[in-house]
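Listed here are the chains, written in short residue letters.
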Amino acid sequence: MSTGKRYDNDYKIQAVKLAMEIGQTQAVKELGLSKSAITTWVRSARTGKLDMGDDSIAFTKPLSASERLVILERENKALKKEINELREKNEFLEEASAFFAASRQKYAKRKG
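Rules used in this analysis
- Residues numbered from 1 in each chain as written.
- Predicted model: local features only at pLDDT ≥ 70, side-chain atom pairs only at ≥ 80, totals over all residues.
- Heavy atoms only, no water.
- Axes fitted to C-alpha atoms, helices over the stretch in contact; angles between N-to-C directions.
- Helix = DSSP H or I, 4+ residues; strand = E, 2+ residues; numbered from the N terminus.
- Parallel < 35°, antiparallel > 145°, perpendicular 65-115°, else oblique.
- Left-handed = near helix turned anticlockwise from the far one by under 90°.
- Contact = heavy atoms within 4.5 Å.
- Nonpolar A, V, L, I, M, F, W, Y, C, P; charged D, E, K, R; others polar.
- Buried < 20%, exposed > 50% of the residue type's maximum accessible area, 1.4 Å probe, protein only.
- Polar contact = N/O pair within 3.5 Å; in protein donor to acceptor, adjacent residues only side chain to side chain.

(A) Quick peek at the packing of helix H1 (residues 9-22) against helix H2 (residues 24-31). H2 packs onto H1 with a crossing angle of 130 degrees between their chain directions and a minimal axis gap of 7 Å. Here H1 is positioned oblique relative to H2, judged by the angle of their axes. The handedness of the crossing between H1 and H2 comes out as right-handed. Residues Tyr11, Ala15, Leu18, Ala19 and Ile22 of H1 form the contact with H2, whose participating residues are Gln24, Gln26, Ala27, Glu30 and Leu31. When its residues are assigned to classes, the contact of H1 with H2 shows seven nonpolar, two polar and one charged.

(B) Here's a closer look at the side chain of Thr47. Looking at the element boundaries, Thr47 is found in helix H3 (residues 35-47). Residue Thr47 is classed as buried on the basis of its relative accessible area of 5%. Engagement of the side chain of Thr47 in a polar contact is seen with the backbone oxygen of Ser44, the distance being 3.4 Å. Apart from residues lying up to four places away in sequence, Thr47 is in contact with Glu67, Val70, Ile71 and Arg74.

(C) Just the packing of H2 against H3, in detail. Between H2 and H3, the least distance of the axes is 9 Å, while the angle of their chain directions is 125 degrees. It follows that H2 is oblique to H3 by the angle criterion. As for how H2 packs across H3, the hand of that crossing is right-handed. Contacts between H2 and H3 involve Gln24, Thr25, Ala27, Val28 and Leu31 from the first element and Lys35, Ile38, Thr39 and Val42 from the second. When the residues that make up the contact of H2 with H3 are grouped by side-chain class, the tally is five nonpolar, three polar and one charged.

In structure tokens, the structure reads:
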């Protein structure tokens, strides 16, 4: 059962770095954390959920299928969001282009 204790991002990053240096079991003992907390934070760092910032770590173990799936789902979500934003911009530009084309035609008729 969870104790409800919350750790800030910097603490998690430092804990992950320590776990990668001395091993998760030893880090659990030194930090007084649960094994599941360290495991979750390491997994989050591996999949990009825990933003390591400039302190990126080279993980030696290859990603598991579930970790790859999490990464791909996040990338897919970001790409869908970008596609929607680009579609909205494209629609706006098409409308603006039609507006200015109509304006030019009115101006040309008055001039001509």
